[in-house]
Amino acid sequence: MTGTVDSRAFPHRHLLGIEGLSPEDITLLLDKSEGYVDQNRQADKKRSLLRGRTIMNVFFENSTRTRTSFEVAGKRLGGDVINMSVAGSSIKKGETLIDTAMTLNAMHPDVLVVRHHESGAVHLLAQKVNCAVVNAGDGSHEHPTQALLDALTIRRRKGGLQGLVVAICGDILHSRVARSNIHLLNTMGARVRVVAPRTLLPAQIERLGVEVFHDMGAGLKGVDIVMMLRLQTERMHGSFVPSIREYFHFFGLDARKLAAAKPDALIMHPGPMNRGVEIDSEVADDLDRSLIRHQVEMGVAVRMACLEVLTGELGNGPPAK
Amino acid sequence: MTARTLLKNARLLDPATGLDQKGDLLVVDGKITAVGSRAGADSSGASVIECHGHCLAPGFVDMRVELREPGREHEETMQSGSAAAAAGGVTTMVALPNTEPAIDDVALVEFVARRSREIGGVHIRTYAAATRGLKGREITEIGLLSSAGAVAFTDANTAISDALVLRRAFSYARTFDALIVQHPEEPSLAAGGHMTEGETATRLGLPGITPAAEVMMVERDLRLVEITGARYHVAHVSTGATIDAIRAAKARGLPVTCDTAPPYFALNETAVGEYRTFAKLSPPLRSEGDRRAVVAGLRDGTIDAIASDHSPHPQDSKRLPFASAEAGIVGLETMLPLTLELVHNGHLTLLQALRALSQRPAEILRLPAGRLAEGTPADLVLFDLNRPGRIEIDGFRSKSKNSPFDGRPVQGRVLKTMVEGRIVFGGDS
């Protein structure tokens, strides 16, 4: 519970990605998140852990869900949360990312929560500031809090991650969620499959420790978890699939394809969903099997845990990651 | 009054003749007049430079540099580039035409020649654009530009991708026996990519460029060479498949040559690490297998030349997210020590390395350089083969310091550089 003292320490200054985290790091974050799930279900949700701390949400790419989730998380811990929408501000006037980082740093934030449309941009920014940085999604690279909330969601339903078979389906090529989940699930002993047409798979994805399938029937056979990904048309230059109709026919999740999975297989989606593109409403709204709304709830708890460990260890941990 | 200089007690190295022996070299009025034991005999009245047994070789001929003048002089000028070249042992360098404006006109070729004379440093020659404005559509005045002094024709870092345009450029160039230099990358296949496709790019979430984009351009071009008989040079080859294709073409007797640049044998794609933009290049750094293939290509002579591929960019243009950062690194001042790594590691003999740095590029471009022959201009480099040290970008003469090699331990350094008998680097010691 939230009241007990947890002596385990998070040995990283920033949370820039799942790659590089140990099983102990991940378990620590998930355990701390559990307490916040309970807190968030109570009438009085507010704590004062982050009183006096400043958390800035700096989003170079539009987001409503993730930004709101971080905002709620920060406020429930008693922190001051400032939302900076960078789209349309000085960055558009030619200021470099590093100049923006220096400007924000001069305001002495305790945590910067950063989303950027370019892979590696959050790493770059983190090198230039004195506070903790949370990667809220950078290009096609990583989205660590999404993978953590997915893990928490699975762990609460399945009791653990070890030995589970998880199929991640769809636009792997452009997906930071896929990369973070692959790293996390592998680190925690799950078996990961990716299922997609070849145009939506990056080269040598198998080197990240996944089994590759190009057919939903084979890829979903016997799996415990089906994770669907959104077709990220905004990151696509040119045509990766010939039509939505064809994509949905072969790679969209519907009851027929889901039948290949284990009878108690669960369905996840990081949102926002495109119904009729990658997922059929019938399965998305199946209350027994779809975890999509749980994922959103877990998101707030996980982000509270991340803010807690990063502010608690501020200045004590090693400078890496 | 004649100016006589005797370079005494040197290890004389001439890849063209295989010369590698202790001796002296006499320079009279900017020309080599005696090499070896005879040099000391008629040296009366000469000023003497004691070489302490260090290596004395033909000055390097760097066939691929970007100098940014005219147009972007804050990044590099011919003056700063000349100083960097001299510090790197380069006595002749050939500038790419991707300046602003592009060098696609006789007046601009003459401008480079005039500036080179005014600066009085190393020899600065220039390519001219193969197509007007480097746009890949209409061929330039290859005949007039050749007469004005353009060494060869290229669209710099843009591939001449339209097959019909390239065929015409080849055919027309052959009329004047001009050389066409190609940047080998199929642009429609590489579009949007920022590093070599593979595990590293996948981990980093960066769009990749398949290494096949290089060889397919070269293979297509070789078909056009067969049709036209034109002289064709492939710049900065970086993949094993490309080198195999060129090796096979040479065996068939096609008039093809190629060069590579030090990063392609000194680094592989893992140098990008966590988004190190200083390791962003075009073509991108490749796999370890391709890096080894480049070394093998140098060893068997398939790769004729080593060029610095000197691309000055201000550090600000590198301190950006990876996809937004400029591609390219400076190389004039690191070319020798990085090439010597191959010698110290036993991959190349010293004469093989020097052949790739001076003799072969001079032959390909038909420049009067790259030899220690009597009667040729005294363009010379004196270097210590073994002295250990570190690459330090702060000491670079180049205006831009964008190098991934900062701090790299190396062995060997340039002591003195002479152009037509004038000391342009290392005059104090």
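Residues numbered from 1 in each chain as written. Chains lettered and ligands numbered in written order. Predicted model: local features only at pLDDT ≥ 70, side-chain atom pairs only at ≥ 80, totals over all residues. Heavy atoms only, no water.

*Asks:* Which residues make up the overall build of chain A, and what are the values?
*Replies:* Looking only at helices and strands, one finds eleven helices and nine strands in chain A. Relative to the 2.2 N^0.38 estimate, which gives 20 Å for 321 residues, the radius of gyration of chain A is 19 Å and therefore close to what a compact globule would have. Considered along the principal axes of its C-alpha atoms, chain A spans approximately 55 × 50 × 35 Å. By residue count, 57% of the 321 residues in chain A fall in the buried class. (Helix = DSSP H or I, 4+ residues; strand = E, 2+ residues; numbered from the N terminus. Rg over C-alpha atoms; globule rule 2.2 N^0.38 Å. Buried < 20%, exposed > 50% of the residue type's maximum accessible area, 1.4 Å probe, protein only.)

*Asks:* Explain unusual backbone geometry to me, and be specific about the residues and the numbers.
*Replies:* Residues and elements named next belong to chain B. With an omega of 0 degrees, the peptide bond running from E100 to P101 counts as cis. Mapped onto the elements, P101 comes out in the loop between β7 (90-95) and α3 (106-119). Backbone torsion omega between S282 and P283 reads -5 degrees, so that peptide bond is classified as cis. Its identity is not glycine, yet D29 carries a phi of approximately 50 degrees, on the positive side.

*Asks:* Lay out the packing of helix α1 (residues 23-40) of chain A against helix α11 (residues 292-312) of chain A in plain terms, naming residues and giving numbers.
*Replies:* Two packed helices can be described by the angle between their axes and the distance between those axes. All names here are of chain A. Viewed as axis vectors pointing N to C, α1 and α11 meet at an angle of 120 degrees, and their least axial separation amounts to 8 Å. Between α1 and α11, the interaxial angle falls into the category oblique. In terms of crossing hand, the pair formed by α1 and α11 is right-handed. Judged by residue contacts, L29, K32, S33, Y36, V37, Q39 and N40 of α1 engage E297, M298, V300, A301, V302, M304, A305, C306, E308 and V309 from α11. Of the residues in the contact of α1 with α11, the class split is eleven nonpolar, three polar and three charged. (Axes fitted to C-alpha atoms, helices over the stretch in contact; angles between N-to-C directions. Parallel < 35°, antiparallel > 145°, perpendicular 65-115°, else oblique. Left-handed = near helix turned anticlockwise from the far one by under 90°. Contact = heavy atoms within 4.5 Å. Nonpolar A, V, L, I, M, F, W, Y, C, P; charged D, E, K, R; others polar.)

*Asks:* Describe the environment of B:L222, and please don't skip the residues or the numbers.
*Replies:* Residues and elements named next belong to chain B. Residue placement: L222 occurs in helix α8 (residues 212-228). Residue classification places L222 among the buried positions, given a relative accessible area of 6%. Taking C-alpha positions, L222 is 8.8 Å from A245, a pair spaced 23 residues apart along the chain. With sequence-adjacent residues up to four places away left out, L222 is seen in contact with Y232, A245, A249, L254 and V256.

*Asks:* Provide a residue-level description of the interface of chain B and chain A, including the pertinent values.
*Replies:* For interface size, the figure often reported is the accessible area lost on association. Across the boundary between the two partners, chain B contributes 16 residues, which contact 23 residues of chain A. Taken together, both faces of the contact between chain B and chain A bury some 1,500 Å²; the carbon and sulfur share is 55%. By the criterion of area lost to chain A, the three top residues of chain B are B:E199, B:T202 and B:R203, representing 39% of everything that side buries. Joining chain B to chain A, the criterion identifies two salt bridges. A salt bridge links A:E19 to B:R203; its shortest N-O distance comes to 2.4 Å. Put simply, chain B and chain A have nine residue pairs in polar contact (both at pLDDT 80 or more) between them. Here the residues of the side of chain B that touches chain A sort into seven nonpolar, four polar and five charged. (Buried area = accessible area lost by both parts, 1.4 Å probe. Salt bridge = Lys/Arg side-chain N within 4 Å of Asp/Glu carboxyl O. Polar contact = N/O pair within 3.5 Å; in protein donor to acceptor, adjacent residues only side chain to side chain.)

*Asks:* For helix α6 (residues 176-187) of chain A, give the residues involved together with the corresponding values.
*Replies:* Residues spaced three or four apart along an α-helix point in a common direction, a consequence of the helix completing one turn every 3.6 residues. Residues and elements named next belong to chain A. Between its first and last C-alpha, α6 extends 17 Å over twelve residues, near the 16 Å set by a 1.5 Å rise per residue. Counting buried positions over the twelve residues of α6 gives ten, a clear majority of the element. Inspection of α6 places R176, V177, A178, R179, S180, N181, I182, H183, L184 and L185 among the buried residues, and these make up the whole buried set. If you check the start of α6, you find a side-chain oxygen 3.2 Å away from the backbone N of V177, and it comes from S175. Directly after α6, the chain includes G189, whose backbone phi takes a positive value near 85 degrees. (Expected span 1.5 Å × (residues − 1).)

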